[in-house]
Amino acid sequence: MKKNTRILSPQIPELESAAFQPEDEALFENLKFSDADQSRSTVTNLIIRESCLEKVTMTNSRLERFETANVIFEKCDFSNSELPGASLHQTEFRQCRLIGTNFAESWLRDVRFTDCLLDYASFANTNLKSVAFTNCRLRSAEFYDISWQNLQLLENDLHDTNWLRTKLGGLTFIGNRFDKLGLSADQLKGLTVDPAQALILAAGLGLIIE
């Protein structure tokens, strides 16, 4: 098992409160946004740096080429939103609703998801480096064909997640919960599981255990 390395936390300066009104090509820096609802927005090239968003709602939105650096999202709701090609750096999601959120083909560097709801979220074809999911619900989430380095899974509900075409060597599922996973048999070498998880994976691969 590869040794986990430190994940960098967001560096947040003193912030000025502001109204959250996302627009194309907008750059927000050193700001705090609270209690805003911008659901069903369509925005391109929005950049947020050194900021905090608390109780911001952007459900059913589309954020193309969305960028963040040193940002905290706390109790925000991005459910059923599209974030194609996002670039997230030193970013934390805390107690956020991200049900059905599409992060496909995004780049995540030093990103944490803590106590988040991520059922049906998609990370398909993403590039993850130093990313942690802690105490999150990820039922039926997609991790199809991802590239990863230092991916940390800690006390999550991973039931029915899809890891097809993803190399799992060096990853550990110990401490996470699931009754079913989608995996590619030829990508399992080096995956760490506990005995109960091994039985679940073996059954899923068609082995008969007596």
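Residues numbered from 1 in each chain as written. Predicted model: local features only at pLDDT ≥ 70, side-chain atom pairs only at ≥ 80, totals over all residues. Heavy atoms only, no water.

### With respect to the overall build of the chain
Then step 1. Across its full length, the chain carries one helix and 13 strands.
Then step 2. Counting helices and strands in the order they occur from the N terminus, the chain gives β-β-β-β-β-β-β-β-β-β-β-β-β-α.
Then step 3. For 210 residues, the compact-globule formula gives about 17 Å, and the C-alpha radius of gyration of the chain, at 18 Å, lands near that figure.
Then step 4. Judged by the C-alpha coordinates and their principal axes, the chain covers about 60 × 30 × 25 Å.
Then step 5. Every one of the 210 residues in the chain was classed for burial, and the buried ones make up 49%.
Then step 6. Counting only contacts in the chain whose residues sit at least 6 apart along the sequence, the fraction spanning at least 24 positions is 10%.
Then step 7. For the chain, the exposed surface amounts to about 10,300 Å²; the carbon and sulfur share of it is 45%.
Then step 8. Of the charged side chains in the chain, 22 are positive and 29 negative, and the gap between their average positions amounts to 5 Å. (Helix = DSSP H or I, 4+ residues; strand = E, 2+ residues; numbered from the N terminus. Rg over C-alpha atoms; globule rule 2.2 N^0.38 Å. Buried < 20%, exposed > 50% of the residue type's maximum accessible area, 1.4 Å probe, protein only. Contact = heavy atoms within 4.5 Å. Areas by Shrake-Rupley, 256 points an atom, 1.4 Å probe, with all protein chains shown as cover. Lys, Arg positive; Asp, Glu negative; His and termini not counted. Charge placed at Lys NZ, Arg CZ, Asp CG, Glu CD.)

### Brief notes about the environment of C116
Then step 1. Position of C116 among the secondary structure elements: in the loop between strand 9 (107-114) and strand 10 (127-134).
Then step 2. Taking C-alpha positions, C116 is 7.2 Å from F93, a pair spaced 23 residues apart along the chain.
Then step 3. Those residues in contact with C116 that lie beyond four places of it in its chain are F93, R94, Q95, C96, L98, N135, C136 and R137.

### As for the nonpolar core
Then step 1. With 54 residues, the main nonpolar core has F113, L118, F133, L151, W163 and F173 as its most contacted residues.
Then step 2. Of all the secondary-structure elements, those providing two or more residues to this core are strand 3 (31-37), strand 5 (47-57), strand 7 (67-74), strand 8 (87-94), strand 9, strand 10 and strand 11 (147-154).
Then step 3. Not counting the four nearest positions on each side in its chain, F133 is found in contact with F113, L118, F123, L138, F143, L151, Q152, L153, L154 and N156. (Core = buried A, V, L, I, M, F, W, Y, C linked by side-chain atoms within 4.5 Å.)

### Some points on the pairing of strand 10
Then step 1. Of the pairings in the sheet, the one linking strand 9 to strand 10 comprises seven bridges and is parallel in character. Residue pairing across strands places L108 opposite L128, the latter belonging to strand 10.
Then step 2. As judged from the seven bridges shared by strand 10 and strand 11, these two strands associate in the parallel manner. Bridge pairing links V131 to L151 in strand 11. (Pairing = 2+ DSSP bridges.)

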